[in-house]
Protein chains: 2
Amino acid sequence: MNPKAQVIHSIKAYSTILGVPDAVDLAIIIVRKELVLDVVKQCGEKGVKGLVIITAGFSEVGKEGKKRELEVLKVVNDYGMNMIGPNCFGIVNTNPEISLNATFGKTYPKQGRIGFITQSGAMGEAIMNTAKELGIGFSVVASIGNKADISSNDILDYFKDDPNTDIILMYLENFGNPRKFTEIAREITQTKPIVVVKSGRTTLGAKAASSHTGALAGLDIGVDALFEQTGVMRVETVEELFDVASALSNQPIPKGNSVCVVTNAGGPGILATDALINYGMEMPSLSPTTVKKLKKFISAEASFSNPMDMVAGAGAKEFKLTLDAVKNDKRYDSIIPIFVPPVTINQLEVAQHIYESVKDCDKTVLACFMGAGEGSEGIKFLKEHNIPVYIFPEAIAKTLATISKHQKWLNKPKGKFRKFKVDEASVQKILDKAVKNKEKSIIGEDAIDILKAYGIAAAEYSYASSVKDAQNISSSIGYPVVMKINTPQILHKTEIGGVKVDLRTNDEVKKAFNALKKNVSPLKKGESFSVSIQKMIVGGVETVMGMTIDPSFGPLIMFGLGGIYVEIMKDVSFKIHPLTDVQAKDMVRSMKAFPLLNGFRGAPAVDIKMLEDTLLRLSQLIKDFDTFQEIDINPFIVSPERELCKAVDARFILK
Amino acid sequence: MNPKAQVIHSIKAYSTILGVPDAVDLAIIIVRKELVLDVVKQCGEKGVKGLVIITAGFSEVGKEGKKRELEVLKVVNDYGMNMIGPNCFGIVNTNPEISLNATFGKTYPKQGRIGFITQSGAMGEAIMNTAKELGIGFSVVASIGNKADISSNDILDYFKDDPNTDIILMYLENFGNPRKFTEIAREITQTKPIVVVKSGRTTLGAKAASSHTGALAGLDIGVDALFEQTGVMRVETVEELFDVASALSNQPIPKGNSVCVVTNAGGPGILATDALINYGMEMPSLSPTTVKKLKKFISAEASFSNPMDMVAGAGAKEFKLTLDAVKNDKRYDSIIPIFVPPVTINQLEVAQHIYESVKDCDKTVLACFMGAGEGSEGIKFLKEHNIPVYIFPEAIAKTLATISKHQKWLNKPKGKFRKFKVDEASVQKILDKAVKNKEKSIIGEDAIDILKAYGIAAAEYSYASSVKDAQNISSSIGYPVVMKINTPQILHKTEIGGVKVDLRTNDEVKKAFNALKKNVSPLKKGESFSVSIQKMIVGGVETVMGMTIDPSFGPLIMFGLGGIYVEIMKDVSFKIHPLTDVQAKDMVRSMKAFPLLNGFRGAPAVDIKMLEDTLLRLSQLIKDFDTFQEIDINPFIVSPERELCKAVDARFILK
């Protein structure tokens, strides 16, 4: 369409779409932003089903643009059309029967089995260009722009059933509807891998939050938790996106972590080993059978270990025979042939022999031709025969680690939601009271009672407002005890010296009481001083658990080891609520300080099952009540004996 | 030379070097390994000064080869020749007056100002090939092979004064003489940056060691400490080696951490920001003056923040004007122009305008042309004009972080060695006694006395072999006390429950004594049970310090936070002995758990100066006595009050 021209590039042009004699499936709109609304209306009248609006100047430029976008969207909905954009780079479909390039880019990608969704037009163009150079093909490329109508979730949904798409790549800057994403992604990743570069980690700025859990859940934690829980592979850079995509679109996902490196050069072999071990892969030595086979034709000066360094004289024949032996060695899931081309050896021939050997092999084969030079015939040959070639061995190591981790995720039991018998009514009563009193948070005894109602063990509290009381209580519950200032206003009691632990005698209780009293003076008029007293749990390990609500991901559940581990070491785990039993297990076991729970220095392990159950009970509490903004259970003390595992303090911040 | 041919490639050949009529400076030997010795002898007789022996089959293939190598080396030394190799890839010198390519590779590198040393011939070839593709030039490339005569240290020494070499790259697998490396490298890095890929991290295997310090000093710690202390930049991958080399050979080292990103595309700008912040760089916003300048010509829809996103319409003129403004903004040390080429904009013109703007600028400029396509004219132009161009913004971020860190190192005060007044004689006496008694280690009172002799504060010990004694001692030193089993055979007392802390009453002392006695029973015949008693230091923080001898680097000094921080979190710092005052400072401050020392949660900071002095005193002790194989001071308790800072236990393992 063009209001002025009658013919453009030898194709008949119409002044408006209404003049087109045939039916129109898809309209691509690149008119000035002021004209978009009218053109969309005309499309609606004409009965067009789909729109791609490339024109920019909508919600991305502020309030006025947002208004313009909503007007367009209304028309789109009124006519029952679907719209991609506005402010997008367009879409591409390489299916030969469709062969559509509705973008303003100069690159038409190679046909392939990768579906690609990008939230940035510029990234879309950059990625398409680079992919073409690397020989990576796409089924569909969709730049979704402002996502006013069709979102990345809709496109994901399309890819789910698209027979032409086996792998999905995404460049994302934010999530529109992460819960829907979770639902769709969790299903897709069972059969089609999703690889994502998510940017915008550091631009959000730290979120203001008043609880520990909230403060720790900064920035990108929800995103990482989401990807982990849905089996989406997150890569750090666009380069890694390509590295992983090359592997996935040409080779099977490795069944496990075990790799054999076959090389004609020592240095690169060592570099590969360093990188593989660094990324958590394993390099078992060659099986005796393999060594026996290799000794028949490989010079005795070679290493016969892993990396298998065939030494510099090795050529095409040696690669073929060595790979023949290694591909039948059951110890390995992946093979990395590394070739540094000496001037005397024909690269293409080496490539052909590598291919000949591994073409029918069920292991993952990623090759490295280091310093092979631009336009190497060998590299070209392997790429054409579905063996990805990398310039540096480190990239292969990282790629293998990423996709092996995905296989591990696929193998993992899916996990179940547990349902505990709990006392909802008691919690409701406490909440009602808090609402009635216009409380913003619930602490102290009420907080402990909420936990108990959900079967979360908690220490008993007693209160004393005199030394005499304190001593009586302490003697009756039994020494040692912990004494804390009982003032709702003071949330971080430790910092002001408001906690005295391990008091063992009447005398120590007296001293502690007086010291605490001194710390909070002067009291305001009408306030009276009191302390809480609890039995001290000896020999336990402090843990922290909690919940905070992420504006896009909803409740995040946190677990960590108490005090300094959480606050300085940041040794915490976050998952998106609700938790399955498998996830609760993962949370506890993913702590760097997990050995401390699992029997450190010959100590007996703490009751880890109890810890996992407590996390699941917390998740159930969050599910049953929509009133909590943040929850801290800090500390939750764990010990080898179940009856000593207890929450000592808790705090609920209400919405 | 060739025994058979008279002419090779139209050049006259001689049957032996003795037949050559003129003097010979350098001989390159590629004969069969069995003939090398004779040929070297002939070279010696001829008066040849230098040899490059490319032939392999020497010490790298075992005992017999080693013998062959020593025979050759003897001849080389007898005639006063210098030899590179054997088993090397050769050397290259691109100085037009020399123009020497004595390698068997197919690539002759571009002339440049980078000197390159490689320990692997294959890596040498691979790196030369890749460098050529990237347009990186070399002054000298030296493959040092088995380093039988000339080592990487000798070549470093040559580069130090070579007017054609400004930057040094190295590929290393191991160190021959790390102490000499330290000496040379420390001097060179003041004026010429050294960038190293060191491989072989994971192949060494964990070293057997009996002390904490030894066990922690596994693998690569000495190498990292060495590079850090000499100002050598270590990069992880060959790719990073190139990235850093491109920056260093074309641009100044940035004066600081502050970066401005100027982009025509949002997505890559965000990716760059993520990566920069992630690598510890800073991105302050544009100064008001800069914003004012920019508003004159940049569309109001642009961001006017950092990253400065000029939006997609921006072309050559906008890049020029924006960079003109930013290059004069004093907030920045580096600028990253990012360009994603839209189909409508001429890449070459953008490149020319970028160059025009920044050519006379003293900031570091590293450009990113994302998806510009193979053979982009723009990229070619910038590279020819000394502006490195990267495909992905993440590589720029990592590169800037590496070279900025180097600048920080250069700016750092050099540090002094402190000399304390100590009592060497007392230590000598204790050592003499141990040697006389054939002790393998010194523990208990003697160990504490060694510390005291070097002015390292240590807790007093008393010993008790009955409950009565224990109670008397405890009352007299004052409660609370710590009680430990006093059995030399039991090194890890905590694991067997051999330590009781915080005993506050006679009754608790009695219970503890009896419990400990039960833990070590049955005693062997003739052994009597006793415990040590120390005053407990309340409110201190446990630290650990020690020394272990690395087979190649000599004594490594270790510092960490006690117990779990060291053992599970691996939060430790190692430096190569001897320590300067600046290094002692760095060690303490580089701890992840440093906040715990520096006033955590409103607590007063511990006496950090005292801690640093203690590390320096330990270093002096190691310098004065060559008898220690390993030292553990564990724990060394620090507290805000100097008189409470004390070593509680120490152990010296003798050589």
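Quick caveat: nothing in here was measured; it's all calculated off a predicted structure. Numbers given to residues run from 1 along each chain, matching the order in which its sequence is written. Going through the entries in the order they are written, you letter the chains from A and number the ligands from 1. Only residues with pLDDT of 70 or above have their local features reported here, since the model is predicted, and side-chain atom pairs are shown and tallied only from 80 upward, although totals for entire chains, interfaces and linings are computed over all residues. Think of the side-chain values as coming from all heavy atoms in the structure, minus any hydrogens and water.

Enquirer: Residues and numbers for the domain arrangement of chain A, please.
Expert: Domain start and end points were adopted from an automatic or database domain assignment. We note that the domain assignment places domain 1 (24-84), domain 2 (90-202 + 209-248), domain 3 (251-411), domain 4 (460-536) and domain 5 (541-654) within chain A. Distance from the C-alpha centre of domain 3 of chain A to the C-alpha centre of domain 4 of chain A: 67 Å.

Enquirer: Lay out the side chain of Arg234(B) in plain terms, naming residues and giving numbers.
Expert: Residue and element names in this part refer to chain B. For the purposes of this entry, the term helix denotes a DSSP run of H or I that reaches at least four residues, the term strand denotes a run of E that reaches at least two, and both are numbered from the N terminus. Mapped onto the fold, Arg234 is located in strand β12 (residues 233-235). Counting of polar contacts relies on pairs of N or O atoms within 3.5 Å, with two restrictions inside protein: one atom must be capable of donating a hydrogen and the other of accepting it, and residues adjacent in sequence are counted only when both atoms are side-chain atoms. Within the local environment of Arg234, its side chain forms a polar contact with the backbone oxygen of Lys198, the two atoms lying 3.2 Å apart. A polar side-chain atom of Arg234 sits 2.8 Å from a polar atom in the side chain of Asp224.

Enquirer: Outline the pattern of salt bridges, listing residues and values.
Expert: A pairing counts as a salt bridge when a side-chain nitrogen of Lys or Arg comes within 4 Å of a carboxyl oxygen of Asp or Glu. The full count for this structure, using the stated rule, is 56 salt bridges over all chains. With its nearest N and O atoms 2.4 Å apart, the salt bridge here joins Glu508(B) to Arg504(A). Here the residue Glu508(B) occupies a position in helix α18 (residues 506-520), and Arg504(A) occupies one in the loop between β22 (499-503) and α18 (506-520), the pair thus bridging two chains. We note a salt bridge from Glu460(B) to Lys452(B), for which the minimum N-O separation is 3.1 Å. A relative accessible area of 32% means that Lys452(B) is categorised as partly exposed. Where salt bridges share partners, they join Asp502(A), Arg504(A), Glu508(A), Asp502(B), Arg504(B) and Glu508(B) into one cluster. Type-normalised accessible area, obtained with a 1.4 Å probe on protein chains alone, sets the label of each residue: buried when under 20%, exposed when over 50%, and partly exposed for intermediate values.

Enquirer: So what's going on with the interface of chain A and chain B? Residues and values would help.
Expert: Only heavy atoms enter the contact rule, under which two residues are in contact if any of them lie within 4.5 Å. Across the contact, 67 residues belong to chain A and 66 residues belong to chain B. Once two parts are brought into contact, the accessible area they lose, counted with a 1.4 Å probe and summed over both, makes up the buried area. Summed over both sides, the interface of chain A with chain B buries roughly 5,600 Å², with 62% coming from carbon and sulfur. Summed over the shared surface of chain A and chain B, the result is 6 residue pairs in polar contact (both at pLDDT 80 or more). Among the secondary structure elements, those contributing two or more residues to the side of chain A that touches chain B are α3 (121-134), β11 (194-198), α8 (238-250), α9 (266-278), β22, α19 (564-567) and α21 (594-597) of chain A. The element that contributes the greatest number of residues to the side of chain A that touches chain B is α9(A), accounting for 8 residues. Its residues assigned to classes, the side of chain A that touches chain B shows 29 nonpolar, 17 polar and 21 charged. Think of it as three bins: nonpolar holds Ala, Val, Leu, Ile, Met, Phe, Trp, Tyr, Cys and Pro, charged holds Asp, Glu, Lys and Arg, and polar takes everything else, Gly as well.

Enquirer: Describe the confidence of the model for chain A, listing the residues and the values that go with them.
Expert: Residues and elements named next belong to chain A. pLDDT expresses how confident the predictor is about each individual residue, on a scale running from 0 to 100. Looking at chain A, pLDDT values average 87 and 94% of them are 70 or higher. Within the model, the stretch residues 203-212 combines pLDDT values under 50 with 25 contacts to residues more than four positions away or in other chains. The ipTM, which scores confidence in the relative placement of chains, is 0.81 for this predicted complex, and the corresponding pTM is 0.85.

Enquirer: Describe in detail the pairing of strand β8 (residues 111-118) of chain A, supporting the description with residues and values.
Expert: Residues and elements named next belong to chain A. Of all 8 residues making up β8, 6 are buried, and the element is well covered by its neighbours. Being paired, for any two strands, means DSSP has found at least two bridges between them. Two elements, β8 and strand β9 (residues 138-143), share 6 bridges in a ladder whose sense is parallel. For Gln111, the partnering residue across the bridge sits in β9 and is Phe138. When the strands point away from the viewer and the path from the first strand over the helix to the second turns clockwise, the crossover is right-handed. Chirality of the crossover, the property in question, places the unit of β8, α3 and β9 among those that are right-handed.

Enquirer: Report on the sheet that holds strand β9 (residues 138-143) of chain B, specifying residues and quantitative values.
Expert: Residue and element names in this part refer to chain B. Pairing in this open sheet of 7 strands is mixed, and the strands run β7-β6-β9-β8-β10-β11-β12 from one edge to the other. With partners counted over all chains shown, the strands left at the sheet margins are β7 (100-103) and β12, one partner each. Averaged over all neighbouring strand pairs, the angle between strand axes comes to 20°, with direction disregarded. By the bridge criterion, 4 bridges tie strand β6 (residues 90-93) to β9 in an arrangement that is antiparallel. Bridging from a neighbouring strand, Val92 pairs with Val141 of β9. For helices, the fitted axis covers only the stretch in contact; all axes are lines through C-alpha atoms, and the angles between them, taken along N-to-C directions, range from 0 to 180 degrees.

Enquirer: Account for the packing of helix α9 (residues 266-278) of chain B against helix α14 (residues 393-411) of chain B, naming residues and giving values.
Expert: Residues and elements named next belong to chain B. Where α9 contacts α14, the axes come no closer than 8 Å and their chain directions differ by 30°. One element, α9, and the other, α14, form an angle in the roughly parallel class. The two elements α9 and α14 meet at a crossing, and its hand is right-handed. On α14, the residues touching Pro268, Leu271, Ala272, Ala275 and Leu276 of α9 are Pro393, Glu394, Ala397 and Leu400. Here the residues of the contact of α9 with α14 sort into 8 nonpolar, no polar and 1 charged. When an angle is under 35 degrees it counts as roughly parallel; over 145 it counts as roughly antiparallel; between 65 and 115 it counts as roughly perpendicular; any other value is oblique. Helix crossings get a hand from a simple test, with the near helix turned counterclockwise from the far one by less than a right angle marking a left-handed crossing and a clockwise turn marking a right-handed one.

Enquirer: How would you sum up the relation of the copies chain A and chain B? Please name residues and give values.
Expert: By a simple turn and slide, chain A fits onto chain B: the slide is 0.0 Å along the axis, the RMSD is 0.1 Å, and the turn is 180°. What the rotation and shift describe, once combined, is the action of a two-fold rotation axis. Proximity to the rotation axis, assessed at the C-alpha, singles out Met569(A) in chain A; its C-alpha lies 4.2 Å from the axis. The copies were overlaid with a least-squares fit restricted to C-alpha atoms from residues scoring a pLDDT of at least 70 in each copy.

Enquirer: Explain the nonpolar core to me, using residue names and the numbers behind them.
Expert: With 111 residues, the main nonpolar core has Leu597(A), Phe636(A), Phe652(A), Phe559(B), Leu597(B), Phe636(B) and Phe652(B) as its most contacted residues. Setting aside chain neighbours within four positions, we find Phe652(A) in contact with Lys440(A), Ser441(A), Ile442(A), Ala447(A), Ile450(A), Leu451(A), Leu621(A), Phe628(A), Glu630(A) and Ile631(A). The next biggest cluster of nonpolar side chains, apart from the first, holds 100 residues, and it includes Ile136(A), Ile167(A), Met233(A) and Val92(B). We call a set of buried residues a nonpolar core when its members are Ala, Val, Leu, Ile, Met, Phe, Trp, Tyr or Cys and they connect through side-chain atoms within 4.5 Å of each other.

Enquirer: Tell me about the packing of aromatic side chains, residues and numbers included.
Expert: All names here are of chain A. Centres within 6.5 Å are what make two rings of Phe, Tyr or Trp a pair, Trp counting through its six-membered ring; a difference in plane orientation under 30 degrees is then read as stacked, over 60 as edge-to-face, and the rest as tilted. The tally for this structure, following the rule as stated, stands at 24 aromatic pairs over all chains. Considering the side-chain rings of Phe339 and Phe369, the 5.1 Å spacing of their centres and the 65° angle between planes classify their relative orientation as edge-to-face. In this pair, Phe339 sits in strand β15 (residues 334-339) while Phe369 sits in strand β17 (residues 367-369), placing the two residues 30 residues apart along the sequence. The exposure class assigned to Phe369 is buried, which follows from its relative accessible area of 0%. A centroid spacing of 6.0 Å and a plane angle of 10° characterise the contact between Tyr461 and Tyr463, whose relative ring orientation is stacked.

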